[in-house]
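For reference, the chains in residue letters:
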Amino acid sequence: MELLSYNSVSCCDAVNLRWKLIVKSTSSHQFSLPGFRKNRVFGAKFDVRRKFLSCYNLDQPFLKQLNHQGGFRSLNTSENFKHVGPILSNGSSDGYVIGGKEDASISETGEPVTKVLIPGLPDESKGESGATVSSCFWEWKPKFNVHYEKAGCENLGSPPVLFLPGFGVGSFHYEKQLKDLGLDFRVWAIDFLGQGRSLPFEDPAPRNEEEGVSDTKDLLWGFGEKSEPWASELVYSIDLWQDQVRYFIEEVIGEPVYIAGNSLGGFVALYFAACNPHLVKGVTLLNATPFWGFLPNPTRSPRLSKIFPSAGSFPLPPPVRKLTEIVWQKISDPRSIAEVLKQVYADHSTNVDKVFSRILETSEHPAAAASFASIMLAPQGQLSFRDALSRCHMNNVPICLMYGKEDPWVKPLWGLQVKQQVPEAPYYEISPAGHCPHDEVPEVVNYLLRGWIKNLETQGLVALPLLDAPEGMQNNIARDLEFVRDGAKKVVNVRFFASKFSVWDFISSYIISRFRKLEPKS
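Procedures and definitions
Residues numbered from 1 in each chain as written. Predicted model: local features only at pLDDT ≥ 70, side-chain atom pairs only at ≥ 80, totals over all residues. Heavy atoms only, no water. Helix = DSSP H or I, 4+ residues; strand = E, 2+ residues; numbered from the N terminus. Polar contact = N/O pair within 3.5 Å; in protein donor to acceptor, adjacent residues only side chain to side chain. Contact = heavy atoms within 4.5 Å. Phe/Tyr/Trp six-rings, centres within 6.5 Å; stacked < 30°, edge-to-face > 60°. Buried < 20%, exposed > 50% of the residue type's maximum accessible area, 1.4 Å probe, protein only. Axes fitted to C-alpha atoms, helices over the stretch in contact; angles between N-to-C directions. Parallel < 35°, antiparallel > 145°, perpendicular 65-115°, else oblique. Nonpolar A, V, L, I, M, F, W, Y, C, P; charged D, E, K, R; others polar. Pairing = 2+ DSSP bridges. Right-handed = clockwise from strand over helix to strand, strands pointing away. Disulfide = S-S within 2.5 Å. Patch = residues over 30% accessible without salt bridge, like charges linked within 9 Å, V, L, I, M, F, W, Y side chains within 5 Å. Areas by Shrake-Rupley, 256 points an atom, 1.4 Å probe, with all protein chains shown as cover. Salt bridge = Lys/Arg side-chain N within 4 Å of Asp/Glu carboxyl O. Left-handed = near helix turned anticlockwise from the far one by under 90°. Core = buried A, V, L, I, M, F, W, Y, C linked by side-chain atoms within 4.5 Å.

Engineer: Where do I start with the side chain of N287 in this structure?
Structural biologist: Here N287 lies in the loop between strand 14 (280-286) and helix 5 (302-305). At 2.8 Å, the side chain of N287 and the side chain of D407 are in polar contact. The residues contacting N287, other than those within four sequence positions of it, are N262, S263, M402, Y403, G404, D407, V410, G434, H435 and P437.

Engineer: It is not clear to me how the packing of aromatic side chains should be interpreted in this structure. Could you clarify?
Structural biologist: Scanning all chains against the criterion turns up 20 aromatic pairs. On the basis of an interplanar angle of 40 degrees and a centroid distance of 5.6 Å, the ring pair of W140 and Y247 is categorised as tilted. Placement of the pair is W140 in strand 9 (residues 133-141) and Y247 in helix 3 (residues 238-253), with a sequence separation of 107 residues. The class of W140 is buried, set by a relative accessible area of 10%.

Engineer: Just checking my understanding: could you explain the packing of helix 6 (residues 318-331) against helix 9 (residues 368-377) for this structure?
Structural biologist: For any two helices packed against each other, the geometry is given by the interaxial angle and the distance between the axes. Their axes nearest at 10 Å, the elements helix 6 and helix 9 cross at an angle of 110 degrees. Compared by their axis directions, helix 6 and helix 9 come out roughly perpendicular. The residues of helix 9 that touch helix 6, namely those facing V320, T324, V327, W328 and I331, are A368, A369, F372, A373 and L377. Residues of the contact of helix 6 with helix 9, tallied by class, amount to 9 nonpolar, 1 polar and no charged.

Engineer: How should the pairing of strand 11 (residues 160-164) be read in this particular structure?
Structural biologist: The side chains of a regular strand alternate between both faces of the sheet. For strand 11, the tally of buried residues reaches 5 of 5 residues, placing the bulk of the element in the interior. Where strand 11 meets strand 12 (residues 186-190), 4 bridges bridge the pair, whose relative direction is parallel. Opposite L162, over in strand 12, you have W188 as the bridge partner. In this fold, strand 11 hands off to helix 1 (residues 175-181), which returns the chain to strand 12; that crossover is right-handed. Sheet topology places strand 11 next to strand 13 (residues 257-262); 4 bridges connect them, and they run parallel. Note on strand 13: the bridge partner recorded for L164 is G261.

Engineer: Sorry if this is basic, but what is going on with the state of the cysteines here?
Structural biologist: In a disulfide, the sulfur atoms of two cysteines are covalently bonded to one another. Under the criterion given, the structure shown has 0 disulfides. C392 carries a free sulfur, and the closest cysteine sulfur to it, the one in C275, is 8.6 Å from it.

Engineer: I would appreciate a short explanation of a nonpolar patch on the surface in the present structure.
Structural biologist: Together, L323, I326, V327 and I331 make up a nonpolar patch on the protein surface, roughly 340 Å² of accessible area in all. Among the secondary structure elements, L323 is positioned in helix 6.

Engineer: When you look at the packing of helix 3 against helix 4 (residues 264-275) in this model, what are you seeing that I'm missing?
Structural biologist: At a minimum axis distance of 9 Å, the contact between helix 3 and helix 4 shows a crossing angle of 65 degrees. Considered as vectors, helix 3 and helix 4 are oriented roughly perpendicular to each other. Relative to helix 4, helix 3 is oriented so that their crossing is right-handed. Each of I238, D239, W241, Q242, V245, R246 and I249 in helix 3 lies in contact with helix 4, whose residues at this interface are L264, F267, V268, Y271, F272 and C275. Among the residues making up the contact of helix 3 with helix 4, the classes are represented as 10 nonpolar, 1 polar and 2 charged.

Engineer: How should I be thinking about the nonpolar core in this particular structure?
Structural biologist: Where a protein is soluble and globular, its nonpolar side chains tend to be buried together. Ranked by internal contacts, the top residues of the largest apolar core, which has 69 residues, are L162, W241, V245 and I259. With 9 residues, helix 4 is the largest single contributor of residues to this core. Formed by 40 residues, the second largest nonpolar core is a distinct cluster that contains V441, I477, L481 and A498.

Structural data, given as structure tokens:
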């Protein structure tokens with residue numbers, strides 16, 4: 001079996017900012033973890049008929065590795081700089097605060113906000129190389145081929161991190177995490193079954209040849225009268241995805257992981273952690289949807305669930321097939337996809353061309369329409385979001401909350417409810433950022449996630465991001481995080497809510513921010 005090999009080179013690159021000349025620290029952190037069994041990675045040439053699976057490189061070979069570490073080191077000991085968080089014995093740091101009065105802005109509450117310089121993403125146009133990303137397939141069950149991407153597998157002994165995507169996207173939505181965080185950690189991102197490139201390679205419910213169907217129907221799989229044996233119990237549900245994640249961690253990664261999920265992926269991450277706390281080192285929720293599924297769960301509501309005999313299984317009932325054809329034609333239209341992306345991204349200058357093309361590519365798969373119908377008709381999970389959160393809390397599973405403030409779907413108040421239930425969980429509110437902060441402001445999410453993992457790995461020796469000793473007791477801390485993207489400076493505000501959390505602090509912050517947006521610009 002062929003395995004992938006990696007090589008990486010470490011160095012540093014000077015970045016000229018208007019305050020001082022600063023360069024990133026290039027020292028790497030080594031983490032000591034208990035040993036686990038070796039990973040099983042499928043590396044053979046893929047062929048549908050012979051069921052072989054493949055791994056292939058998405059990126060060019062490594063270039064000189066620049067701007068890769070989560071911190072800065074000052075070349076000048078000016079008093080204008082104040083370190084955020086304790087410095088480890090190797091001298092690495094997480095960032096610097098600009099302390100001068102002229103560098104402070106005003107927060108929503110009228111208090112000054114200090115700027116923090118954080119690393120940008122590796123800039124390939126300047127010869128800076130991110131981690132090599134490899135795309136692979138893993139055969140979980142016969143006909144169940146799971147697509148995933150990975151990076152940083154050469155970082156032996158470093159923490160493993162697994163990303164779970166939202167509804168309608170896939171592992172490609174975490175490309176910026178794979179390339180950046182893959183320089184420090186071992187990183188994976190998977191496609192849920194029924195989405196991305198984890199769609200079936202065969203028709204789960206083929207039509208009979210004598211069926212009179214239109215040309216449009218001919219292009220769609222799963223619309224026959226009888227399902228194939230392998231798909232007789234197939235339902236694209238949250239319980240299926242929870243099982244998929246468990247087996248992936250056990251058979252491919254081979255050890256407990258830090259797991260992060262956006263939207264639907266956040267629900268699955270929490271659900272999985274509640275059912276398998278022994279396989280989870282920590283959970284990061286990125287605008288996690290607080291509910292999933294419309295039909296009752298057979299275990300929780302056996303009588304009520306009998307009213308809905310289909311419940312997302314194949315073959316789809318005739319009325320569902322007809323409705324799916326109508327709905328799918330609308331939602332898979334490129335204009336509809338573009339409109340959804342416009343809604344969920346707060347900053348419309350964000351380049352979503354790759355995301356758009358990959359979503360469009362998935363929608364053109366012949367199994368996509370029936371998979372969508374199965375997902376929409378799938379029953380709710382055996383645990384609600386609140387139940388899963390309670391279990392994680394009871395089992396002391398570390399949780400970190402990162403929410404884009406301008407999310408039109410999962411409003412900040414949803415994040416507030418999670419924070420109320422787990423008050424010790426660090427809560428970072430990012431603005432401007434919408435439903436997908438990891439793709440819209442990956443520099444900020446990567447910086448926060450790096451710092452949170454280091455805090456857990458060192459058992460608190462490294463402070464949480466944006467905190468230092470004097471300010472660690474504050475309940476509400478605001479920072480403007482500045483970084484360079486495409487040669488220009490960009491500033492994003494991050495508000496941290498600590499364990500001494502006041503509901504009124506959150507609500508008043510939200511109300512004030514709304515009023516400030518209504519104020520006339522001078």
